[in-house]
Structure formats: C-alpha cells, structure tokens
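The primary structure of each chain is shown beneath.
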Amino acid sequence: MTDSSIKIVLKNVSKHFGKVRALDGIDIEFAQGTLTTLLGPSGCGKTTLLRLVSGLEPVTTGEIWFGDENVTGLSATRRDVGMVFQSYALFPHMTVAQNVGYGLRVLKTAPEEIESRIREVLQMVAMDGYQSRYPDELSGGQQQRVAVARAMVLRPKVLLFDEPLSNIDSKLRRSMREDIRRLQQLSGITSIYVTHDQAEAMAVSDEIILMRNGTIEQQGPPQSLYHYPATVFVADFIGESNIITAELIGSGGKRQIVFGDIKISVSVDEQMPYANGPVKLSLRPEIIELLNSNPNADQRLKGVIVQRAYMGPVIEYSVETKAGTLFTRVPAHSHQFQVNEKVYVHIHPDEIIIIPENDDNN
Amino acid sequence: MNQRINTAPGEIGPWVLLSWISIALAAYCLLPWTALEYGLTDFTKEEWLNALGWKFSKITLILPLTLAALVPFGLIKLPGRGTGWFFTIASGTVIGAVLIGFVTTQTSMGLGCGVVMMCLAALFAVGISELGFQRGDTFIAGAVIFVVFMVVAFIFFPVWEIFRNVLFTKNGEFAPLQFFQIITSFGVGRVVWNTLMLAFTVGAATTICGIVFALYSIRATSRIRVLIRVFYILPIITPPFVVGMSLILLFGRAGMINDALMFLLGPQGLFTPAGAQGIFERSGYIYGFSGIFLAQVLSLTPVSYMVISGMLSSINPSMEEASLTMRANRGKTLWNVTLPLLRPAIANSFLLGMISSAADFGNPLVLGGEYDVLSTEIYFSIAGAQLDFAKASALGLILLFLSLTVFFIQRKWIGKKSYVTVTGVETSGNVTPLPVGMQRCMTVFVTLWFVLVGVLYVSIFLGGFVKQWGADYTLTLSHHLELWSKGLGSGAWPSFRNSLTYAVVAAPLTTLVGVLIAYILTRKQFWGRGIIDFGTVLIFAIPGTVVGVAYILAFNTPPIEITGTAIILIITMAIRAMPVGIRGGMSALSQISTNLEEASVLQRAGSLKTIWSVLLPLLKSTIVSSMAYSFIRAMTTVSAVIFLATAGTDVATTYILSRVESGDTGVAVAYGSVLIFTMLIFTLLVQFITGRSRTEKQVKTF
Ligand SMILES: Nc1ncnc2c1ncn2[C@@H]1O[C@H](COP(=O)(O)OP(=O)(O)OP(=O)(O)O)[C@@H](O)[C@H]1O
Ligand SMILES: [Mg+2]
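Residues numbered from 1 in each chain as written. Chains lettered and ligands numbered in written order. Predicted model: local features only at pLDDT ≥ 70, side-chain atom pairs only at ≥ 80, totals over all residues. Heavy atoms only, no water.

1. Re the packing of helix H4 (residues 82-105) of chain B against helix H5 (residues 111-130) of chain B
Residue and element names in this part refer to chain B. For the pair H4 and H5, interaxial distance at closest approach is 7 Å and the crossing angle is 150°. One way to sum up the angle between H4 and H5 is to call them roughly antiparallel. For the crossing formed where H4 meets H5, the hand is left-handed. Taken together, the residues of H5 that come into contact with H4 (itself represented by Gly84, Phe87, Thr88, Ser91, Gly92, Val94, Ile95, Val98, Leu99 and Phe102) are Cys113, Met117, Leu120, Ala121, Leu123, Phe124, Gly127, Ile128 and Glu130. (Axes fitted to C-alpha atoms, helices over the stretch in contact; angles between N-to-C directions. Helix = DSSP H or I, 4+ residues; strand = E, 2+ residues; numbered from the N terminus. Parallel < 35°, antiparallel > 145°, perpendicular 65-115°, else oblique. Left-handed = near helix turned anticlockwise from the far one by under 90°. Contact = heavy atoms within 4.5 Å.)

2. Focus on a nonpolar patch on the surface
Residues and elements named next belong to chain B. On the surface, Phe146, Phe149 and Leu512 cluster together into a nonpolar patch covering about 280 Å² of accessible area. By the element assignment, Leu512 lies in helix H22 (residues 493-523). A relative accessible area of 48% places Leu512 in the partly exposed class. (Patch = residues over 30% accessible without salt bridge, like charges linked within 9 Å, V, L, I, M, F, W, Y side chains within 5 Å. Areas by Shrake-Rupley, 256 points an atom, 1.4 Å probe, with all protein chains shown as cover. Salt bridge = Lys/Arg side-chain N within 4 Å of Asp/Glu carboxyl O. Buried < 20%, exposed > 50% of the residue type's maximum accessible area, 1.4 Å probe, protein only.)

3. Remarks on the pattern of salt bridges
Throughout the structure, instances matching the rule amount to 22 salt bridges over all chains. One salt bridge connects Asp128 of chain A with Arg119 of chain A, and the closest N-O pair in it is separated by 3.6 Å. A salt bridge links Arg182 of chain A to Asp179 of chain A, with the nearest nitrogen and oxygen atoms 3.7 Å apart. Here Arg182 of chain A pairs with Asp179 of chain A, and both are found in helix H5 (residues 170-187), just 3 residues apart, close to one helical turn. Here the residues in one salt-bridge network are Arg51 and Glu57 of chain A together with Glu598 of chain B, joined through shared partners.

4. With respect to the sheet that holds strand E2 (residues 20-30) of chain A
Residues and elements named next belong to chain A. One open sheet holds the 4 strands; their spatial order is E2-E1-E4-E5, and the pairing between them is antiparallel. Looking at which strands have only one partner, the edges of the open sheet turn out to be E2 and strand E5 (69-70). Sheet topology places strand E1 (residues 8-17) next to strand E4 (residues 61-66); 5 bridges connect them, and they run antiparallel. Within the sheet, the bridge partner assigned to Leu10 lies in E4 and is Ile64. (Pairing = 2+ DSSP bridges.)

5. Quick word on the packing of aromatic side chains
Using the criterion set out here, one finds 31 aromatic pairs over all chains in the structure. Here the aromatic rings of Phe496 of chain B and Tyr671 of chain B are separated by 6.4 Å at their centres, their planes lie at 50°, and the arrangement is tilted. Here the residue Phe496 of chain B occupies a position in helix H22, and Tyr671 of chain B occupies one in helix H30 (residues 665-701), the gap between them amounting to 175 residues. Relative accessible area serves as the criterion here: at 1%, Tyr671 of chain B is assigned to the buried category. Each residue in the set Phe149, Phe154, Phe157, Tyr551 and Phe555 of chain B is aromatic and connected to the rest through ring pairs, giving one cluster. When the ring centre of Phe91 of chain A is taken as origin, the NZ or CZ atom of Arg150 of chain A, which lies over that ring, is 4.7 Å away. In this arrangement the basic side chain of Arg212 of chain A is found over the ring face of Phe233 of chain A, its NZ or CZ atom lying 4.5 Å from the centre. (Phe/Tyr/Trp six-rings, centres within 6.5 Å; stacked < 30°, edge-to-face > 60°. Lys NZ or Arg CZ within 6 Å of the ring centre and 35° of its normal.)

6. Quick look at the interface of chain A and chain B
Tallying the contact residues gives 35 residues for chain A and 30 residues for chain B. Between chain A and chain B, the buried area comes to about 3200 Å², and carbon and sulfur atoms account for 57% of it. Our count for the contact surface shared by chain A and chain B stands at 2 salt bridges. Where Arg604 of chain B meets Asp80 of chain A, a salt bridge forms, and the shortest distance between an N and an O atom there is 2.4 Å. The tally of links between chain A and chain B comes to 8 residue pairs in polar contact (both at pLDDT 80 or more). Going through the elements one at a time, helix H1 (46-54), strand E6 (81-84), helix H2 (96-106) and helix H4 (140-152) of chain A are the ones with two or more residues in the side of chain A that touches chain B. (Buried area = accessible area lost by both parts, 1.4 Å probe. Polar contact = N/O pair within 3.5 Å; in protein donor to acceptor, adjacent residues only side chain to side chain.)

7. Observations concerning the domain arrangement of chain B
All names here are of chain B. Examined at the domain level, chain B breaks down into domain 1 (190-252 + 287-463) and domain 2 (472-702). Using C-alpha coordinates to define each centre, domain 1 is positioned 22 Å away from domain 2. Facing the 38 residues of domain 1 at the interface are 41 residues of domain 2. Both faces considered, domain 1 and domain 2 share a buried interface measuring about 3500 Å² in area, 82% of it formed by carbon and sulfur atoms. Run the count over domain 1 and domain 2 and you get 0 salt bridges. Breaking the side of domain 1 that touches domain 2 down by element, the ones donating at least two residues are helix H10 (233-237), helix H11 (240-251), helix H17 (362-367), helix H18 (374-383), helix H19 (389-414) and helix H20 (436-463). Among the elements that make up the side of domain 1 that touches domain 2, the one with the highest residue count is H19 (11 residues). (Domains from an automatic or database assignment.)

Structure (structure tokens):
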C-alpha cells in the first residue's frame, strides 16, 4: 500500500483573513507515507494550514501539490483527503455504520462491499460490533475511533488530524496516540497531525514542524528539534529548557563558552557555523546536576537553592546562580537539598545547546 | 484504490447542461410564452395555442436556434475557463434580450417564458460556478441566484415601483416635488402623528404588560401562571382584526357592557339629565384611539412576553442573591438589579411593539372610526373611488421609512442577536420570588386579563349563534348555515378553500426560501451577499400594507402581470411569513457545527447531498414548525392580501372583512370563530406530532 502514498508540497502558500495573516509564505514538503506534526502555540495557524491542505479553505496565494498533481484549484470534494476533527463531527442522526459508510454510499459502492469495508475499518480501530450504536451512545474515545475509521474508510491519499485527542482524558490519550501511529504506519497514508501538546508530537511523529505566527520556525525529526533547536523559541517550546546568555570564545576545535563566572570547553565541529561572541544557551533540566562539594572549581557554578518542590519520584529545584536562575530535576532517592542551601552546579558540557544570538528576537 | 467515476463528485457532467437546455426547448414549444388572458386556471385551447412561443414572428426561430446552438458547448470541454465564460455570457445575454423584449413590447410573460428563464438562470449558475463563484459549487451558485432573484423580483422591484410612483408623474415625468406636495397636503401630518402616538403608547404598554406577565410566569408562586404558557398561542392563530371585532361585541355601541349598564342603570344612566345622551347609552367610545390601543395591546403583549421572559429566565440567579445578601429587599432587588439586567429585552420588546403597531392594519380598519393611521389611510387611498396611487405610495414610503428606522435602531442597539429570537422558556429552580404585595397586584391584573380575553373569545364564538348582537339575542344557526350549508360553491367555502390551497403552497415555499436565506447568510461569504442581507432587512421590516401597494403597482403591468391570480397571493403570503423561516433557520443553523458539513464534504459529498443528508435531518423540527407557523400566518394574514384578492381569489380573511363592511357582523364572527377553531386544532395537532417525535429522537440524536 505504501507505494501508492504521495508526498504533499506547499509552495509559498499564504492565507489572509482580511488583515489577519494566518499563514505567510509557507514552503513545506511532507514526505510520502510519513506522519508530520504541526506544533505551535494557539493561533499560530495550524488549523488553517490543515484546512488549506484539505481544500475546505482556499489559499490566498501559493500552490499545493499532491504528488505530481496540482490540487490548488480543486475543492475539498475532489481532493481525496480524510480528516479527523477535534469535535469528531460524527453525524448525530446516523449510526456508527451509517457514519462510516457515508462516503461509500456517496460513491455508490455496492451494498455488500460497503458492509465489508465498514467492518474492516472498524476492526482496525477495534470498534467492530458497535455498528448500530448512535454517536451519543459512545464514549469520547470510542467516538474518536469512529471518526478515525470514517476518515480512513475511503483510503484517502492524505489523512489530516486536527487535535484529535484534546477532548480525551490524559490516560486514554497515551494509548490512543499509539493507536493512531500504528494505523498510520500500517496504511502508509501521508498524514498531518495538529497538536499543541509537544509530548504527543514527540511520540507520534516522523517529523515535527514548529510554527509561530503563521510561519515555520523549524522543521525536523523530533530528536533533532529537541537536541538542535535553531532558535530560543524552539528550545523553549520543545521540552523544558533554561535559556541563559553566554559568550563563545576561542578558535578551531577548542572553543569555550563563558557564562556566570565559569568557562566550559565545548567540543564543537570545525564547521560549526557559530561566530564568536554572544550566544544563548539552552540547558535542559536533566543535564544540570547539583553537588555539595566542589572538586573542580572553575567548571562549576556556585548557587543557592531558592525553591524546592516535591513531585513524588523527582524533586524540582530552582537554583540562583550568577548566570541566572536555573531549574532542574533530581531523583528523589539521591541527596536532598534544602532551601537556602549553597550548592555547586555541574553542567554536562556535551549536552549544552548553543543557539546563535543574532537571528532571534524572543 | 481509484474511486473516480468519469465525473468527479461535484463536477458538472454534460447531461446536466443538456437537460436544462432540453427543458427550456420543451417549455418553449409546449407552454404559453405570453400570459393567458384569464390566467392558468381558466383558458381555452385556442388561447393556449395562440400564446405559444412560435406564434410570435420575432422570436419564432431565434430563441430555439440559440438554445440549440448551446448544445455542442455542453458536450465539448472548452480549454481553460472557456466553458464557464461561454455559459455565463451566453445565458446572461439571452436572459437580458428576453427581458428587454418583454419590456419594450409591453407584453406579459407566460408560464413557458418563466420556465425558459429558469433554465437559462440554471445555465448561468453553471457558468459562474465554473468561473469560480462559490468555489465551483453549482448547487450553491444556483441557490444564490434563486434567492437573489426572489429578493430582487418580489422585494426590491416592488419597493422601487413605490419610489417611482412618488418620483414620477403618471405621464412619466420626473417630479421629485410631488412627494412633498402629497405629504404636506391636508391630513397627512395628522395621520403620521396618529400612527406615531399609537405606536409609541402601544410599544410602551405592551412592554409593561410583557414585563408583568414574564415576571409572573417565571417568578410568581401561583397556579394561574401555567395559563400564561398557553395564552401566547391565541394571537398567533387569531386573524389580526378579530380581536377588534370582539371588542366591538363587548364595548361597542350595541356591546354587552353598554347593555349591561343600561340594564342596571336604566337607559339614561344615573347622572344624566333627561333628554341628554347617556354616558353609556350607545356611545362609541371604543372607536378610535382607545379601541385600537386596547386591541393592539391585547394581541401584541404575548410577543413582548416571549421576548422578555426568554431573557428573564436566562438571568443568573446569583446576581439577585448577591443583592439580597446585601440587605436590599426583594422589591429593591427587582428594581435595581433585575430590571436593569432586562434592559436589552425591554428595549427590544418596545421597538417590536412599535413596528407591529404601525404595521397593523386589521384593528384600525375595524375600530379606527375617525382615528386614521397610515396603514388604513394607504388602503383607503386605493380602495375607494380615489385610486390615488401617488398618495398611497407616498404614505407607504413614510410607513416603510418609519418601520425601517425602528428596525435599524433595534438592530444596532440589541445587535443581530435579536434576529435569533429566544424560543424556549425555561425556569430555573433557584429564583428570587416576587414581593408579596406585588404578586397580589399582579395576580389581580393577570386574572382580569384572562377574564377579558376569555370573554372576548367567548363572545366571538357566541356572536355566531345569535341573531343580531346587541338587538336580538335569540339563538340561531342561520349564520353558520349560510356560510357552510349552501354548497361548496357559495358561502364561505370558496374563500376557505382558497385560503387553504394558497397557504398549503405558500408554507413550503416560504420555508424553503427562508431556510435557504438563513443558510446563505450563516454559511457563505461572497460578493453580493449584501443584496440578500438587505433584502432580509426589508422582508423583516416592511409592513403588509406597503407590500400590498407595492405589489399592485409592480405586478399590474407587463412584463410580470400577475395581479388577480392565485400566484400573487401565494407569493404575498410567502413573503409575509418568511421572517419565521429565516429566524428559525438562523437559530437552528447557528447551533449546528460547520464541521459536520465539512466532514460530509470530505467524504466526497457535494453540497446538495450534504444539505440533504446532513443538514435537513438535523433541521427537521425547525422546518416542521416553520412550515406550520407559516401556514397559520398565511391563513390569518390580511394586510397585504386585502389589496390583491379579487372576486375569484377571495381568501377567508378578506371575505370576513367584506362581510364586516356590509354589516353582517353575525356572519363575520361565525366565520372568524370557525377559522380560529381550525387553527387551534391544527396547532395542537402539530405540537402533538412534533412534541412526540422530538422526545423520540432526543434519545438518539443529541
Ligand atoms: N475564518 C477566519 N476568519 C478570520 N480569522 C481567522 C479565521 N480562521 C482563523 N483565523 C485567524 O488565523 C489565525 C490562525 O488561526 P488557526 O485556527 O489556524 O490557529 P491554530 O494554530 O489552529 O490555533 P489553536 O491551537 O488555538 O487551534 C488566528 O489569528 C485566527 O484568529
Ligand atoms: Mg486549531
């Protein structure tokens, strides 16, 4: 089946609502058979982008291609797209079977085939046997599965999900997102998935596109966004992060970063694009270690615990240092610190993320 | 994998174009191209043949050849947007040419021409949708054209005719000063003043009564409040002038009150010196301002009650509780907290009361006496021997202007929300009860009201069974017998049958157009939407008498000459009832998520299929109640149809009014009570059916 999947290309796509520029000059390629997540804060244009791809909304300028077909002018009916809405949008006056079989009936499929296709797709979402129920007789999670089944039953070229799990409680959400991922990989349909939950995005996607104010901030696989954020915004949005200012000095393979009153050598590639000078550092909480003795003074920041919160398996600390207040998390079984206690902060040099100062306005 | 048939869903296949073209050709060949002398219900074979299109040398071949020439373009696909441009321009040109032909030759269009035009309009819709209008959705493009046509032909054009009659003299000379001559002529100022006075006082009074009823029904701890739930049905099912008639039975010169007083106090009354006329003796105090005022307050208060109680029941009780805990007593709380919160509803009710009072025609006609208002004055300038169309138009313009002004004030103040009227009246548990003394006063008031209304309706009912109200109270069946037992061709039957037929046709038509308008206004954004939007405003605000004048002016002459036919009455009834469909459609559609329609579209369904399979089932109860209400409105309306009904197309209300005018009150009230009774049974039936189906569905649908 995977051989029939297509790639989706957006060429310089913009969408304006009156004066609001919901999307501004978007260029993206969604590789065939992948699941790509659109991530970003509320109002950044995720839903709009999805609706442009579906054809429910026309583009203001630009082109949309499915494989080698330009679909910009095609209406939603002719685009061969399946979509799962945040509200599920199941037809309340139709049973599960009627909901799922709706598109098949529109296409005048033979009745026997309709029935078997409904069964097949309901089996995929583990909802076989619910055919004669009405949507309001189903739980939220079940409704969501039916919505997924309905979106997939016509075997569309493209599957779109607009925050499909946001109305489902957090425990169920975890298993549902795995189901969606499994179904998508099984069918190999090129999919776009909108969410503003970054953990969900990391868990399901081949690729994440982080959006901001109608533009693309960064695109890449989850790990690359996590480990190599291009901007402070990305570092802040994906995972948790302490952002501090520092200076990059030295040359060749031996460069150093200076922040607070310490200097840390970093092993960076020769080709590393960063120029010497002021930079931002993103320090993930898990690379910050707290110590109460100090064998190696010039590599450690001195600090004072200003806040401590017991979270069960971990304890969260805020530490005030010369480089700013740092936030970290320590397993509860290790040594515990008290508020106002003096500590030394060790930062694993290899895990420091350097973000060039210049191209950021955050 | 590949589901595509040769035409993708939503795409126009050649057969669509070809079938429209062939319908047009068939209509041209078989149906009368020009209007038949006596309409479609009464013609000879000769007349029919003579009216056929190919009898007219000027178009004998041009039109069918043009139509035939379109055929190949339906079969081949022109490059790019060629097909779209071709059909847009070709059908547009032909429509224009036909219209110009009819206007210049002063001929009236016939049925065949109507069908041909409709087909051409459909081809036009195909053309512009191919060009990208409505994103290529032909059905929606067609619906938009249909609605725009309805609005332009039956609202804008007639209203323009009113303007034309005021601005131009009979000979077609431009005379803008004519308007000022008319309105400054003797009497017009007084009529306007009368109308305004009445509208203002009625607006205020209905609002106050509405507040009392709303407070009483929601806040009082009394039994009779359940009666209030029923009482707002009455004015809906009662023809507007019947309340006026019953007031005459009660308070008129020969009314019961006068009789009773004379009986008690003697013919002279108590304090009247011998020889002078008694205060009560046969006095006409009910005619004029007081009578119209009373009749309008009685029939408009339920509307005001619905507006205010809808808002009252949505007030959060905690606001009032907060005031009570700050030691304000119940009375103060009511005055300082509750009433200010109701301000929008109060304003809305007041303005609605004003508009309805100014537009009311039946009550002033029956009760007016010396007190002339715009709506009756308009009627009398045409109905009498005067036939002064210029004056009727000028007065109509003033009335339209007044009512539009109030309507715009209402829209601006209360926002578009007032469009979506509050329907259900719900009582929440924890409300502040009324102060004891106030509740007592209200109980007295409400009881008196019900007694009065009860007596009025009973007197209508009894009035049909006595010989001569006021003079001879002998029981008799003669009025009813005269109406109903003289065979189906005489008495009340023809008018009753006409009313039923027209209403049965008008109700679905108005619901269809109303819901389509609501759909377009809530769901579609496009250039030209403003036309429909403004048309809707006019439909909402235009008084019935103005519609009557405008239609007489617009449709009495070619190219659309339909006065005196059933068609015009049906269209009038449809337009008069349309606000119901639009309001109902808008509030229902605003509660249906557009995601449902989008989900359907993504399942490859075109918009027609989406509307049919998704929207219609969800709108079912709205459509049923809108149809029922439109039907009742059509049966009871009088203001516009009285201008348009003729001997052959008399309807129930106009027949009753004509009997009132000729002094047969007994017959009139006998007919009126039967009409009310029929409507009551119909309403109960509809409520029973929809009520049951809703509870049935409730389990499944929501
Ligand atoms: N139909 C519309 N008319 C006008 N503005 C719109 C419309 N739809 C979206 N917008 C605007 O476009 C911008 C992007 O909206 P969009 O719904 O795509 O955001 P989103 O990223 O999906 O946000 P959320 O996470 O809250 O769903 C917003 O500023 C929004 O106000
Ligand atoms: Mg969104």
